[in-house]
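# Observations on chain architecture
Residues per chain are reported as follows:
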Amino acid sequence: MLKPKVVASLPVHIGRVIQVSTERLRYANGREYDIDFARHPGAAAVVAVDGNGRVCVVRQYRHGVEDFLWEIPAGKLDAGEPPEVCAVRELREETGVEAARWTSLGLYIPAPGIFTEVIHLYLARDLHIGAASPDADEELEIKWLALDEAMGLVLRGEWNDGKTAMALLRAQNQLKM
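Because the structure is a prediction, the values reported are computed rather than measured.

Analysis parameters
- By convention here, each chain's residues receive numbers from 1 onward along its written sequence.
- Totals for whole chains, interfaces and linings use all residues, but because this is a predicted model, local features are given only for residues with pLDDT of at least 70 and pairs of side-chain atoms are given and counted only at 80 or more.
- The basis for every side-chain value is the complete set of non-hydrogen atoms in the structure, without hydrogens or water.
- Pairing between strands requires that DSSP locate at least two bridges from one strand to the other.
- What counts as a helix is a DSSP run of H or I of at least four residues, what counts as a strand is a run of E of at least two, and both are numbered from the N terminus.
- Only Phe, Tyr and Trp rings take part, Trp by its six-membered ring, and two of them pair if their centres are within 6.5 Å. Stacked means planes under 30 degrees apart, edge-to-face means over 60, and tilted covers everything else.
- Relative accessible area decides the class of each residue, using a 1.4 Å probe on protein chains only: under 20% of the type maximum gives buried, over 50% gives exposed, and in between gives partly exposed.
- Either the NZ atom of lysine or the CZ atom of arginine qualifies as a charge over a ring when it sits within 6 Å of the ring centre and within 35 degrees of the ring normal.
- Every axis corresponds to a line fitted to the C-alpha atoms, with the helix fit spanning only the stretch in contact, and the corresponding angles, defined between N-to-C directions, vary from 0 to 180 degrees.
- Contacts are residue-level and defined by heavy atoms, with any inter-residue pair within 4.5 Å sufficient.
- Positive charges are assigned to Lys and Arg, negative charges to Asp and Glu, while His and the chain termini are left out of the count.
- By definition here, a salt bridge exists when the distance from a side-chain nitrogen of Lys or Arg to a carboxyl oxygen of Asp or Glu is within 4 Å.
- Nitrogen and oxygen atoms within 3.5 Å of one another constitute a polar contact, given that in protein one can donate a hydrogen and the other can accept it, and given that sequence-neighbouring residues count only through two side-chain atoms.
- If an angle is under 35 degrees, it is roughly parallel; if it is over 145, roughly antiparallel; if it lies from 65 to 115, roughly perpendicular; otherwise it is oblique.
- In this scheme the crossing of two helices becomes right-handed for a clockwise turn of the near helix relative to the far one and left-handed for an anticlockwise turn of less than a right angle.
- Nonpolar residues are Ala, Val, Leu, Ile, Met, Phe, Trp, Tyr, Cys and Pro. Charged residues are Asp, Glu, Lys and Arg, and all others, Gly as well, are polar.
- The rule for a disulfide is simple: a pair of cysteine sulfur atoms within 2.5 Å.
- Under the convention used throughout, the expected extent of a helix is 1.5 Å for every residue step, that is, one less than its residue count.
- The directions considered for the arc run from the helix axis to the C-beta atoms.

### Quick notes on the pairing of strand S5 (residues 54–62)
Remark: a regular strand shows side chains that alternate across the two faces of the sheet. Of the strand pairs in this sheet, S5 and strand S10 (residues 141–146) are connected by six bridges, and their pairing is antiparallel. By the bridge assignment, Arg54 is partnered in S10 with Ala146. Pairing analysis gives five bridges linking S5 to strand S6 (residues 67–71), with the strands arranged antiparallel. In the strand pairing of S6, Tyr61 is matched with Phe68.

### Quick look at the packing of aromatic side chains
Under the defined criterion, the tally for this structure stands at four aromatic pairs. With a centroid separation of 6.3 Å and 25° between ring planes, the pair formed by Trp70 and Trp159 is classed as stacked. With Trp70 in strand S6 and Trp159 in the loop between helix H2 (147–155) and helix H3 (162–176), this pair connects stretches of sequence that are 89 residues apart. Residues Trp70 and Trp159 agree in their burial class; the two are buried. Cation over ring: Lys143 sits above Trp70, and NZ or CZ is 4.3 Å from the ring centre.

### A few points about the sheet that holds S6
Strand order in the open sheet formed by three strands is S6-S5-S10, with antiparallel pairing between adjacent strands. If you trace the sheet from one side to the other, it starts and ends with S6 and S10, each paired once. Each neighbouring strand pair of the sheet contributes to a mean axis angle of 30°, computed without reference to strand direction. Sheet strands touched by H2: S5 and S10. Its angle to S10, the strand with the most contacts, is close to 105°.

### As for the side chain of Glu94
Among the structural elements, Glu94 can be located in helix H1 (residues 83–95). Although buried, Glu94 forms no salt bridge, and the nearest oppositely charged side chain, Arg62, lies 6.1 Å from it. Within the local environment of Glu94, its side chain forms a polar contact with the backbone nitrogen of Ala74, the two atoms lying 3.3 Å apart. Apart from the residues lying within four places of it in its own chain, the contact partners of Glu94 are Val58, Pro73, Ala74, Ala132, Glu138, Leu140 and Ile142.

### Considerations on the packing of H2 against H3
Running from N to C, H2 and H3 cross one another at 140°; their axes reach a closest spacing of 10 Å. With respect to H3, the element H2 is oriented oblique. In this structure, H2 meets H3 at a crossing whose hand is left-handed. Contact residues: H2 offers Leu147, Asp148, Ala150, Met151 and Val154, while H3 offers Ala165, Leu168, Leu169, Ala171, Gln172 and Leu175. The residue makeup of the contact of H2 with H3, split by class, is nine nonpolar, one polar and one charged.

### Concerning the state of the cysteines
The final tally for this structure, using the stated rule, is zero disulfides. Unpaired in this structure, Cys56 has its nearest cysteine sulfur neighbour in Cys86, at a distance of 16 Å.

### Observations regarding H3
Taking 1.5 Å as the rise per residue, H3 with 15 residues should run 21 Å; its terminal C-alpha atoms sit 22 Å apart, in good agreement. Buried within H3 we find Lys163, Thr164, Ala167, Leu168, Ala171 and Gln172. Around the axis of H3, the buried residues are gathered within 155° of arc, so they sit on the same side.

Below, the structure is given as C-alpha cells:
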C-alpha cells in the first residue's frame, strides 16, 4: 500500500490550540477524497506513583463530554518544547509533584483519523510533593489512590479517558517488570 498524497489543503480555522483544514487526498487508485483534519502540537501525560503504590490523578471539567473526568496529569506541548520537559512542567503545575526518576511509557495516539495529536506517556517515581500551581483556566481536584484501584475504575468503565487508561495499564506493567 502507498500513502495517499495531499493535493489540496483549505485552512478552515486557526485557534488557540489547533488548526483545522479540509484536505484533499489522492489515493494510489487515483481517487480523491476530502477529509477534515486538525493539527495539534501534541501533549505529555504522567503516571506519578508514590512509595506506597498510589497514583496521583486530577479531576477537571472537559467540555467535549460536558462532564468532569478523572485523568492523569497532562498538558499541551509548548512550541518547540521537548515532551519530557512538558511532562515535568505539567506534573509540577497541576499537582505540585516533582519526581527524581522518569520512565517513558511510549505514545498514545487518541484520534489518528482526524488529529495529529500524539501524547507522550511517562511514569514518574521517587516523588516530592509540594504545592500545585495550575493555570488560570484550570480548576482541578487532586486525589491519590492505589494503582490497582485506579486500574479497576478503568476496567469497570467508570474512568473512560483514553490516555489515562493506556498510561495506567503501561505503568502497572512496567512496575511489575
